[in-house]
Amino acid sequence: MSKPTTGKGGRPSKPTDEKRTHVVTIKLNDAEYSDLLERSKTAGVKMAEYVRHGAFRLTIVSRLSEIEQEIARGILNLSSDFNQAMTCFHQLKLRNAANKLAAVVDKMFDILKKLRPNKDTDYVCKNT
C-alpha cells in the first residue's frame, strides 16, 4: 500500500511583495558589534530585525540646504582675501579701520557658526 500524498509541511511561502531579497552589509568594530548585539538581545529581537527597525524609524535631516551650503562655502572661501586686507591695513597703520572690519567679520562668523554643519557629522538623527 502506498501512502496518500499530502502537501509538504512547514510554513507557507510569503507573497512576493513581502519577501526580502536584498542584503545590505555594514562593517562594525568589536565594540559597536557587541553594543548592537546587547541592544538587540535586550529588545528581544534578532539583530537584523533590530537594525531594520532602527533604519526605518529614524529620519536623517541635513542641517543646511544646498543653497545655504553654497553661501557658507563662498563666505568661508573669502577668508584668505580678508587676511590679505587685514595685513594691508596693519602695514598702512590703519588700526581703527582694521578693528572695525574685524568686528564685522566676527559677527559674520557668529552667524555662520549657526548655519555651518557640525564637522563630526553632516546629519542629524531624529526619532520619528
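Along each chain, numbering runs from 1 in the same order as the chain's sequence is written. In keeping with the predicted nature of the model, local features appear solely for residues at pLDDT of at least 70, side-chain atom pairs appear and are counted solely at 80 or more, and the whole-chain, interface and lining totals rest on all residues. Computation of side-chain values covers all heavy atoms of the structure but excludes hydrogens and water.

(A) Inspection of the overall build of the protein at higher detail. Only runs of H or I of at least four residues qualify as helices and only runs of E of at least two qualify as strands under DSSP, and these elements are numbered from the N terminus. Each helix and strand in the protein was counted, giving 5 helices and 2 strands. Helices and strands appear in the protein in the N-to-C order α-α-β-α-α-α-β. Here the protein, with 128 residues, has 6% of them falling under the buried criterion. What makes two residues a contact is simply this: any of their non-hydrogen atoms within 4.5 Å. Contacts in the protein between residues far apart in sequence, at least 24 positions, make up 58% of those at least 6 positions apart. Element-wise, carbon and sulfur atoms account for 56% of the exposed surface of the protein, whose accessible area totals about 11,700 Å². Residue burial is assigned from relative accessible area. The probe radius is 1.4 Å, only protein chains are included, and a residue is buried under 20% of its type maximum, exposed over 50%, and partly exposed in between. Accessibility throughout is a Shrake-Rupley quantity obtained with a 1.4 Å probe, and a residue counts as covered only by protein chains that appear here.

(B) Layout of unusual backbone geometry. In this model, Lys93 sits at a positive phi of 60°, which is unusual for a non-glycine residue. One can find Lys93 in the loop between helix 4 (79–91) and helix 5 (95–115). Looking at Lys93, the relative accessible area reads 66%, which means it is exposed.

(C) Looking closely at the packing of helix 1 (residues 30–43) against helix 2 (residues 47–57). At their nearest, the axes of helix 1 and helix 2 sit 9 Å apart, and the two run at 95° to each other. By the criterion of interaxial angle, the relationship of helix 1 to helix 2 is roughly perpendicular. For the pair formed by helix 1 and helix 2, the contact residues are Tyr33, Leu36, Leu37, Arg39, Ser40 and Ala43 on the first element and Met47, Tyr50 and Val51 on the second. All amino acids are sorted into three groups, where Ala, Val, Leu, Ile, Met, Phe, Trp, Tyr, Cys and Pro are nonpolar, Asp, Glu, Lys and Arg are charged, and the leftover types, Gly among them, are polar. Of the residues assigned to the contact of helix 1 with helix 2, the class counts are 7 nonpolar, 1 polar and 1 charged. Only the stretch in contact is used when a helix axis is fitted, and all axes are lines through C-alpha atoms; the angle between N-to-C directions ranges over 0 to 180 degrees. Throughout this description, any angle smaller than 35 degrees is read as roughly parallel, any larger than 145 degrees as roughly antiparallel, any in the 65 to 115 degree range as roughly perpendicular, and the remainder as oblique.

(D) Representation of the environment of Thr87 within the structure. You can see Thr87 is positioned in helix 4. Considered as a pair, Thr87 and Ala98 are 11 residues apart in the sequence and their alpha carbons are 8.9 Å apart.

(E) Inspection of a nonpolar patch on the surface at higher detail. Distance thresholds for patches are 9 Å for like charges and 5 Å for nonpolar side chains (Val, Leu, Ile, Met, Phe, Trp, Tyr), applied to residues having over 30% relative accessible area and no salt bridge. Only one rule defines a salt bridge in this text: a Lys or Arg side-chain nitrogen within 4 Å of an Asp or Glu carboxyl oxygen. Residues Val24, Ile26, Leu28 and Tyr33 make up a contiguous nonpolar surface patch of roughly 420 Å² in combined accessible area. Tracing the chain through its elements places Leu28 in the segment before helix 1.

(F) Highlighting helix 1. The length a helix should cover is 1.5 Å for every residue beyond the first. Over its 14 residues, helix 1 runs 20 Å from end to end, which matches the ideal 20 Å to within 8%, given 1.5 Å per residue. Its side-chain oxygen placed 3.2 Å from the backbone nitrogen of Ala31, Asn29 serves as the N-cap of helix 1. Between N or O atoms, a polar contact is any pair within 3.5 Å; within protein, one atom must be a potential hydrogen donor and the other a potential acceptor, and residues adjacent in sequence are included only when both atoms are from side chains.

(G) Seen up close, the confidence of the model for the protein. The share of residues in the protein with pLDDT of 70 or more is 80%, and the mean pLDDT across the chain is 78. pLDDT expresses how confident the predictor is about each individual residue, on a scale running from 0 to 100. Across the protein, the element-wise mean pLDDT spans from 45 in strand 2 (residues 123–127) up to 92 in helix 1. Throughout residues 120–128 the model reports pLDDT below 50, and contacts reaching past four residues in sequence, or to other chains, amount to 20 contacts.

(H) Region of the structure containing the pattern of salt bridges. All chains considered together, the criterion is met by 2 salt bridges. Among the ionic pairs, Arg39 bridges to Asp35, the shortest N-O distance being 3.3 Å. Of the two residues, Arg39 and Asp35 are both situated in helix 1; the distance of 4 residues between them amounts to about one turn of the helix. Of the residues examined, Arg39 reaches a relative accessible area of 44% and is grouped as partly exposed. Residue classification places Asp35 among the partly exposed residues on the basis of a relative accessible area of 37%.

(I) Representation of the side chain of Ser40 within the structure. Note that Ser40 resides in helix 1. Exposure remark for Ser40: the relative accessible area of 2% places this residue in the buried category. Here Leu37 takes part through its backbone oxygen, which lies 2.9 Å from a polar atom of the side chain of Ser40. Not counting residues within four places of it along the chain, the set of residues in contact with Ser40 comprises Val45, Lys46, Met47 and Tyr50.

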